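Observations on chain architecture
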Amino acid sequence: MKDKQKRKKERTWAEAARMVLENFSDAPMTPKQILHVIQTKGLKEMSGTAPLACLVTMLHSQVRGDRVKNSIFFKLPGRMSLFTLKVLHSEIVLSA
């Protein structure tokens, strides 16, 4: 039990968001939707007063600038804040 609790506590926002997009979604999601799944499934321990702000900051920093090449996240162009995994995005594009 302690190991499971320890892993949950040490999980980063990026790891939790990746788990949501891989396992709980078949379509792009907004940060608010991702956070809702993280909270309801208990994927990350929340300790601050603004978890949505932390998640949004992480997602946007991953899809901009130098990090975009190595990021696992993809922001849909022309959409305010819809995110998916790069692998899922390429599958969506190929199937269209």
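For the protein chain, an unreviewed UniProt entry supplies the name HTH HARE-type domain-containing protein and the organism Poecilia latipinna.

Brief notes about the packing of aromatic side chains
Enumeration over the complete set of coordinates arrives at zero aromatic pairs. One residue, lysine 44, lies across the ring of tryptophan 13, its end atom 5.1 Å from the ring centre.

Remarks on the packing of helix 2 (residues 13-23) against helix 3 (residues 31-41)
To describe two helices that pack against each other, one gives the angle between their axes and the distance between the axes. For the pair helix 2 and helix 3, the least separation of the axes is 9 Å and the interaxial angle reads 95 degrees. The orientation of helix 2 relative to helix 3 falls into the category roughly perpendicular. For the pair helix 2 and helix 3, the contacting residues are Trp13, Ala16, Ala17, Val20 and Leu21 in the first and Ile34, Leu35, Val37 and Ile38 in the second. For the contact of helix 2 with helix 3, a count of residues per class yields nine nonpolar, no polar and no charged.

Considerations on the packing of helix 3 against helix 4 (residues 51-62)
The contact between helix 3 and helix 4 brings their axes to 10 Å, and the two run at 120 degrees. Classed by the angle they form, the pair helix 3 and helix 4 counts as oblique. Crossing handedness for the pair helix 3 and helix 4: right-handed. Across the interface between the two elements, Pro31, Lys32, Ile34, Leu35 and Gln39 of helix 3 pack against Pro51, Leu52, Leu55, Val56 and Leu59 of helix 4. Class assignment of the residues belonging to the contact of helix 3 with helix 4 gives a composition of eight nonpolar, one polar and one charged.

Things to note about the environment of threonine 12
Structurally, threonine 12 can be placed in the loop between helix 1 (2-10) and helix 2. Look at threonine 12 and you get partly exposed, because its relative accessible area is 37%. Between the alpha carbons of threonine 12 and lysine 44 there is a distance of 7.4 Å; along the sequence they are 32 residues apart.

With respect to helix 3
For helix 3, the complete set of buried residues consists of Pro31, Ile34, Leu35, Val37 and Ile38. An end-on view of helix 3 places all buried positions within 160 degrees of arc, on one side of the element. In helix 3, the exposed residues that point more than 90 degrees away from the buried face are Lys32 and Thr40. Buried-residue contacts for helix 3 involve helix 2, helix 4 and strand 2 (83-85).

Reading guide: rules and limits
- Residues numbered from 1 in each chain as written.
- Predicted model: local features only at pLDDT ≥ 70, side-chain atom pairs only at ≥ 80, totals over all residues.
- Heavy atoms only, no water.
- Phe/Tyr/Trp six-rings, centres within 6.5 Å; stacked < 30°, edge-to-face > 60°.
- Lys NZ or Arg CZ within 6 Å of the ring centre and 35° of its normal.
- Axes fitted to C-alpha atoms, helices over the stretch in contact; angles between N-to-C directions.
- Helix = DSSP H or I, 4+ residues; strand = E, 2+ residues; numbered from the N terminus.
- Parallel < 35°, antiparallel > 145°, perpendicular 65-115°, else oblique.
- Contact = heavy atoms within 4.5 Å.
- Nonpolar A, V, L, I, M, F, W, Y, C, P; charged D, E, K, R; others polar.
- Left-handed = near helix turned anticlockwise from the far one by under 90°.
- Buried < 20%, exposed > 50% of the residue type's maximum accessible area, 1.4 Å probe, protein only.
- Arc of directions from axis to C-beta.

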